[in-house]
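This is what each chain is made of:
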Amino acid sequence: MNNIYEKITNFYKYKSLLSELVQRDIKIKYRRSVLGILWSFLDPLLSMIVLTIIFSTLFSKTIPNYPVYYLSGMLTYALFRGGSTAAMRSLVSSSGIWKTIYVPKYLYVLSAVLSNFVTYVLSLVILFAIMLIMKVPFTIYIIFASLPILAVLMFTTGVGLVMGTLNVFFRDMQHLYSVLTLVLMYALTIFHPASIVPVQFSFIQDFNPLYHMLVCIRSCFLYGTLYPISSLIISLVSGLVFLVLGLFLLYKFQDKFVLYV
């Protein structure tokens with residue numbers, strides 16, 4: 001118990017540094033970009049336009065308000081993919097700092113996730129604008145989307161900690177993970193409805209935490225209803241489990257990092 005209290009106290013001690021790291025990550029992300037942070041709005045908007053043109057002809061009858069359906073899913077997936085990928089690379093890319101001075105290594109992972117969360121929040125402006133255009137009602141349930149979004153953040157941070165720890169020892173994880181996230185994108189119901197997935201492969205969705213997070217978020221934004229409690233429980237428990245697992249692996253192996261970077 002004392003050890004946990006010490007780590008929480010340590011986190012508050014470095015919260016100002018965490019803020020600086022998040023700002024640094026955002027500046028690096030848009031460095032030498034003419035439009036800069038405007039890409040947070042343009043990227044989801046342009047991708048939505050292109051993919052809506054392509055897929056709405058296939059799924060417009062089965063998925064009402066397809067642009068909102070796509071955006072609510074894609075923005076969530078982009079938060080996970082971008083945050084976990086940046087987190088995976090953060091420990092190695094910041095090794096020059098933590099080899100010189102003591103900084104809790106999880107701060108680099110957390111800052112990578114939070115900087116992508118800032119992009120996600122900005123991108124929600126586009127989602128809300130499309131909801132207005134498509135006349136999708138804004139309901140009180142949008143507020144309840146904060147819980148599945150919190151689950152996404154915990155899950156992304158946990159996966160980032162796990163992959164970041166593995167990446168210190170095995171650099172090939174970066175290439176393998178890019179393939180895995182690509183497969184995940186098509187396995188999730190981002191472009192297509194869940195109904196087209198064959199029954200024999202439905203277990204992929206049932207045991208996929210991100211799928212349940214998408215179900216919860218779409219319930220709030222698109223359908224204006226409260227999400228299934230079972231999906232929320234799976235989302236929060238999965239996020240917490242991966243977060244604890246990631247922290248466990250980091251603290252177990254971090255003393256050996258200096259030998260591999």
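Per chain, residues are indexed from 1 in the order of the written sequence. It should be noted that, the model being predicted, local features are given only for residues of pLDDT at least 70 and side-chain atom pairs only at 80 or more, the latter also being counted only at that level, while totals for whole chains, interfaces and linings use all residues. Side-chain numbers come from the whole structure's heavy atoms, not from hydrogens or water.

What to know about the packing of aromatic side chains
When we look at a pair of aromatic rings, we describe it by the centre distance and by the angle of the planes. Working definition: rings of Phe, Tyr and Trp (its six-membered ring) pair if their centres are within 6.5 Å, and the pair is stacked with planes under 30 degrees apart, edge-to-face with planes over 60 apart, and tilted otherwise. Scanning the model with the defined rule gives 13 aromatic pairs in all. One aromatic cluster is present, built from ring pairs that chain together Trp98, Phe169, Phe253, Phe257 and Tyr260. Working rule: Lys NZ or Arg CZ, within 6 Å of ring centre, within 35 degrees of ring normal, means a charge sits over the ring. Lying across the ring of Phe253, Lys252 places its NZ or CZ 5.7 Å from the centre.

Quick look at a nonpolar patch on the surface
In this analysis, a patch consists of residues with relative accessible area above 30% that form no salt bridge, clustered at 9 Å for like charges and at 5 Å for the nonpolar side chains Val, Leu, Ile, Met, Phe, Trp and Tyr. Computed with a 1.4 Å probe, the accessible areas rest on the Shrake-Rupley method; for each residue, only the protein chains presented here act as cover. Salt bridges, as used here, are contacts in which a Lys or Arg side-chain nitrogen is within 4 Å of a carboxyl oxygen on Asp or Glu. A contiguous nonpolar patch, built from Ile140, Ile143, Phe144, Leu226, Ile229, Ile233, Val237, Val241, Phe242, Leu245 and Phe248 and spanning about 1,000 Å² of accessible area, is present on the exposed surface. Take Ile143: it is sitting in the loop between α6 (106-133) and α7 (146-169). Residue Ile143 is classed as exposed on the basis of its relative accessible area of 56%. The secondary structure listing takes helices from DSSP runs of H or I that are at least 4 residues long and strands from runs of E that are at least 2 residues long, numbered from the N terminus. Here the term buried applies to any residue with accessible area under 20% of the maximum for its type, exposed to any over 50%, and partly exposed to those in between, with areas from a 1.4 Å probe on protein chains only.

Concerning the side chain of Ser231
Structurally, Ser231 can be placed in helix α11 (residues 229-253). Apart from the residues within four sequence positions on either side, Ser231 is in contact with His212, Val215 and Cys216. We call two residues contacting when some pair of their heavy atoms lies within 4.5 Å.

Examining the packing of α7 against helix α10 (residues 209-221)
Structural elements are reduced to axes, namely lines fitted to C-alpha atoms, with helices fitted over the stretch in contact, and the angle between N-to-C directions of any two is expressed from 0 to 180 degrees. Axis separation between α7 and α10 bottoms out at 9 Å; the angle between their running directions is 155°. In terms of orientation, α7 and α10 fall into the roughly antiparallel class. Crossing geometry of α7 relative to α10 is assigned as left-handed. Facing Pro148, Ile149, Ala151, Val152 and Phe155 of α7, the residues of α10 in contact are Pro209, Leu210, Met213, Cys216 and Ile217. Each residue is assigned to one of three groups, with Ala, Val, Leu, Ile, Met, Phe, Trp, Tyr, Cys and Pro labelled nonpolar, Asp, Glu, Lys and Arg labelled charged, and all others, Gly among them, labelled polar. Across the contact of α7 with α10, the residue classes break down as ten nonpolar, no polar and no charged. Here is the rule for angles: anything less than 35 degrees is roughly parallel, anything more than 145 is roughly antiparallel, 65 through 115 is roughly perpendicular, and the remaining ranges are oblique. Crossings are classed by handedness, with left-handed meaning an anticlockwise turn of the near helix from the far one by less than a right angle and right-handed meaning a clockwise turn.

Some details on the environment of Phe155
Along the chain, Phe155 turns up in helix α7. The buried category is assigned to Phe155, whose relative accessible area is 7%. Each C-alpha atom of the pair Phe155 and Gly239 lies 3.9 Å from the other, and the pair is 84 residues apart in sequence. Not counting the four nearest positions on each side in its chain, Phe155 is found in contact with Phe80, Pro209, Leu210, Met213, Ser238, Gly239 and Phe242.

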